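Residue strings, one per chain:
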Amino acid sequence: MSVLVFIESADGAIKKSSLEAIAYGAAMNQGDVTALFLGQIDQAELEKAGNFGAAKVLHVNDERLNNGIIQAYSSVLAQAIEKTGARFVVLAKSALGDPVAARVAIKINGSFVSNVTGLPDTNGGFKVTRSIYTGKAFANVEMTSDVKIIGIRKNAVELNESGSSATIETFDAQLSDADFGVQIKNIEKQEGDVLLPEADIVVSGGRGLKGPENWGMIEDLAKTLGAATGCSKPVSDMGWRPHHEHVGQTGVKVSPTLYIAVGISGAIQHLAGVNSSKVIVVINKDEDAPFFKAADYGIVGDAFEVVPKLNEALRAAK
Amino acid sequence: MKILVCITHVPDTTSKISFSDNNTKLNSAGVQFIIGPYDDYALARAVELKEASGGTVTVLNVGEADTEPTIRKALAIGADDAIRINAFPTDSYFVAQQIAAVAKEGNYDLILMGRESIDFNGGMVHGMVAEMLGLPSVSPVMKLDIDGGKATLSREIEGGKETLELNLPFVAGCQEPIAEWKIPNMRGIMSARTKKLEVREPAQAETKTKLDNYELPAPKGEVKMIDKDNVDELVRLLKNEAKVI
Ligand SMILES: Cc1cc2nc3c(=O)[nH]c(=O)nc-3n(C[C@H](O)[C@H](O)[C@H](O)COP(=O)(O)OP(=O)(O)OC[C@H]3O[C@@H](n4cnc5c(N)ncnc54)[C@H](O)[C@@H]3O)c2cc1C
Ligand SMILES: Nc1ncnc2c1ncn2[C@@H]1O[C@H](COP(=O)(O)O)[C@@H](O)[C@H]1O
């Protein structure tokens, strides 16, 4: 038996969520873990997969795969499943991973369950717990197919480092023109920023900040904490912040260890995107703001006064 | 252009979720049901495309009879007709097979769905359907323009977006700001009553997962309030108590 883990990179490094997927694959205890990487990358970076539990990395060193193309990626992943004979496939939830895994499930006649929050229960059947209703509930489901694809949510397992490094094997996957039917014309991406879905700490601002010109203090606070920045829906609707920063029911769902909400009222649709955060801090000038009910720590006060002070205190404490 | 829009019937985003029947069923008492918010974006864009260049919009739902008011709302928003596959949507694989069966028969130029349903949050039905039909799939789509047989769209990626080109037909999972949600007007509501809503029995299909039960998260503890003039205390708590910085 073996486990195959589909991994992704950001800015030339394996994504933290993908390292968690490797660790999850190892913790499943279902045989050797092989990671699969598509596109060009530094070999030393791939060896790091070993540190988190992968014995081997299959590397499809093809520049056409440097950007995620759903069909091409799913063709390659299906071929790798066949090659390794893997019965379990693990990947981290992502804008690319989910649609890729969905197609692969059909190709290999397997099942795909996403948003899985912890390790499977293998006592009689194979059961996993997944988050549903945008974090408002969980479902315990049994996967009944032969090959099982598991999409994990952030923090589904802890990362432990073993100090080992993985061996790398080049994998020549077969790709056809049809796999590239969707052509990428242009990519606009901020390099170097902490990615919101990956971040351990998120600092988010809402309409209480009054305008885009006031985001400097949010960015400063984020920089001090090594955090990603997020926002509420009206903020991205009004174009104060880019759309990919919008957190909530209809935006990014985050599960950081620390979420700091500044000038956000805490509407239920916003909470839906943050309710799996470990610790929530709310800064709002209205003591009746609903967000305080969902918070661990709260400060009633004017953001323009509190945020710079907090930033200073954090810097001093470093 | 023939457009198929697949919609879910889901609890309003403000609903409190609870379960019945030994935690195996959603307790729908007091719950208001809506068109899935992402599906609503897909529908709005489909209606815009039809208004701009002609064609038809068919909405499709896999669900039991209680979903019909939600389907009627989609007709009031501007879809021309509707199909309901009369079956409980047991799992994504089952639903995808039902949608693929309808799509095969209907020869649609474009199949629009939501990026994900807000009940099961799978984000997978569009990919599954596309694979079953041998079509390209793109998700999450934030912008979609059609010119003849060709589409230009933008897809959200982590930390940014990419612009893509592809030929029709294909399957897209949509999200904002692809279009603005449409609110049905009086004329729409009146005409929806007489639009065709066809009920079909499900195609023979498998499931690949089995529900054991549902669970609710553990209740949140009390919030600790800190004085605004004492931010050092917050830093100390985050460091020593919560241990998150
Ligand atoms: C179907 C649906 C889906 C939705 N999806 C989302 C979603 O994904 N994400 C999302 O965020 N919203 C979503 N919404 C919108 C949501 O209902 C709220 O309207 C939105 O979250 C409010 O944003 P806000 O808290 O920034 O603004 P507001 O509600 O205007 O709150 C501003 C807050 O700032 C505080 N404030 C003002 N000035 C200051 C100051 N100087 N210092 C400190 N605090 C201050 C105020 O007390 C207030 O609490 C959705 C709505 C619907 C209907
Ligand atoms: N029961 C259903 N009936 C019709 N369309 C559905 C159904 N379930 C899911 N879909 C479509 O598939 C999309 C993705 O759903 P999911 O994979 O469940 O997140 C939804 O946004 C809908 O467009």
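Fair warning: this is a prediction, and the values are worked out from it, not measured in the lab. (Residues numbered from 1 in each chain as written. Chains lettered and ligands numbered in written order. Predicted model: local features only at pLDDT ≥ 70, side-chain atom pairs only at ≥ 80, totals over all residues. Heavy atoms only, no water.)

**With respect to the overall build of chain A**
As a reminder, the rule being used: Here a helix means four or more residues in a row that DSSP labels H or I, a strand means two or more in a row labelled E, and each is numbered from the N terminus. For this measure, only C-alpha atoms enter the radius of gyration; the expected value for a globule follows 2.2 Å times N^0.38, where N is the number of residues. Exposure classes here rest on a 1.4 Å probe applied to the protein chains alone. A residue is buried below 20% of its type maximum, exposed above 50%, and partly exposed in between. Whether two residues touch is decided by their heavy atoms; if any such pair falls within 4.5 Å, the residues are in contact. Under the convention used here, Asp and Glu are negative, Lys and Arg are positive, and both His and the chain ends fall outside the count. By convention, charge coordinates are those of NZ in Lys, CZ in Arg, CG in Asp, or CD in Glu.
Across its full length, chain A holds eight helices and 17 strands. Against the compact-globule benchmark of 20 Å for 318 residues, chain A has a radius of gyration of 21 Å, which places it among compact chains. On the principal axes, the C-alpha backbone points of chain A span a range of 60 × 45 × 40 Å. The buried share of chain A, reckoned over its 318 residues, is 61%. For chain A, contacts bridging at least 24 residues in sequence account for 64% of all contacts bridging at least 6. Side chains of chain A carry 30 positive and 37 negative charges; the gap between the two charge centres is 5 Å.

**Quick look at the sheet that holds strand E1 (residues 2–6) of chain B**
As a reminder, the rule being used: Here, any two strands with at least 2 DSSP bridges between them count as paired. Throughout, an axis means a line fitted to C-alpha atoms (over the contacting stretch in the case of helices), and angles, computed between N-to-C directions, take values from 0 to 180 degrees.
The ten strands are arranged E12(A)-E11(B)-E10(B)-E9(B)-E12(B)-E8(B)-E1(B)-E6(B)-E7(B)-E13(B) in an open sheet whose pairing can be described as mixed. Both outer strands of the open sheet, strand E12 (183–189) of chain A together with strand E13 (197–200) of chain B, are each paired with one neighbouring strand and no more. Between one strand axis and the next, the sheet turns by 30 degrees as a mean value, whatever way the strands run. In this sheet, strand E11 (residues 160–167) of chain B lies alongside E12 of chain A in antiparallel orientation, the contact comprising six bridges. Considered in E11 of chain B, the bridge of asparagine 186 of chain A is made with threonine 163 of chain B. Of the strands in this sheet, E1, strand E6 (56–63), strand E7 (81–86), strand E8 (110–114) and E13 of chain B are in contact with helix H3 (residues 92–106) of chain B, which crosses E6 of chain B at around 150 degrees.

**Details of the site of ligand 1**
All names here are of chain A. We count it as follows: Here a residue is considered near a molecule or strand provided that any single heavy atom belonging to it is located within 4 Å of it. Reported accessibility uses the Shrake-Rupley method at a 1.4 Å probe radius. Residues are deemed covered only where the shown protein chains occlude them. Under the scheme applied, nonpolar residues are Ala, Val, Leu, Ile, Met, Phe, Trp, Tyr, Cys and Pro; charged residues are Asp, Glu, Lys and Arg; polar residues are all the others, including Gly.
Taken together, 28 residues lie near ligand 1, and Arg207, Ser232, Ser265, Gln269 and Asn284 sit nearest. Computed on the free molecule, ligand 1 has an accessible area of 990 Å², of which 80% lies beneath the protein chains in the complex. Listed by contribution, the elements that provide at least two residues to the shell around ligand 1 are helix H6 (233–237), helix H7 (268–271) and helix H8 (303–317). Of the residues belonging to the shell around ligand 1, the class tally is seven nonpolar, 15 polar and six charged.

**Thoughts on the interface of chain B and chain A**
Heads up, the rule is: Computed with a 1.4 Å rolling probe, the buried area is the accessible surface lost when two parts are put together, summed over both parts. Salt bridges are defined by distance alone: a side-chain nitrogen of Lys or Arg within 4 Å of a carboxyl oxygen of Asp or Glu.
Contacts between chain B and chain A engage 79 residues on the former and 87 residues on the latter. Sorting the residues of chain B by area buried against chain A places Glu131, Glu158 and Lys208 of chain B first, and these three jointly supply 11% of that buried surface. Our enumeration of links across chain B and chain A arrives at eleven salt bridges. Measuring nitrogen to oxygen at the nearest pair gives 3.1 Å for the salt bridge that ties aspartate 296 of chain A to lysine 220 of chain B. Those elements giving two or more residues to the side of chain B that touches chain A turn out to be helix H1 (37–53), helix H4 (125–133), strand E9 (137–147), strand E10 (150–157), E11, strand E14 (209–215), strand E15 (224–226) and helix H6 (231–241) of chain B. Each residue belonging to the side of chain B that touches chain A can be placed in one class, and the counts come to 39 nonpolar, 17 polar and 23 charged. Relative to E15 of chain B, strand E17 (residues 297–300) of chain A is paired through three bridges, and the arrangement is parallel. Within E15 of chain B, the residue paired with isoleucine 299 of chain A across the bridge is isoleucine 226 of chain B.

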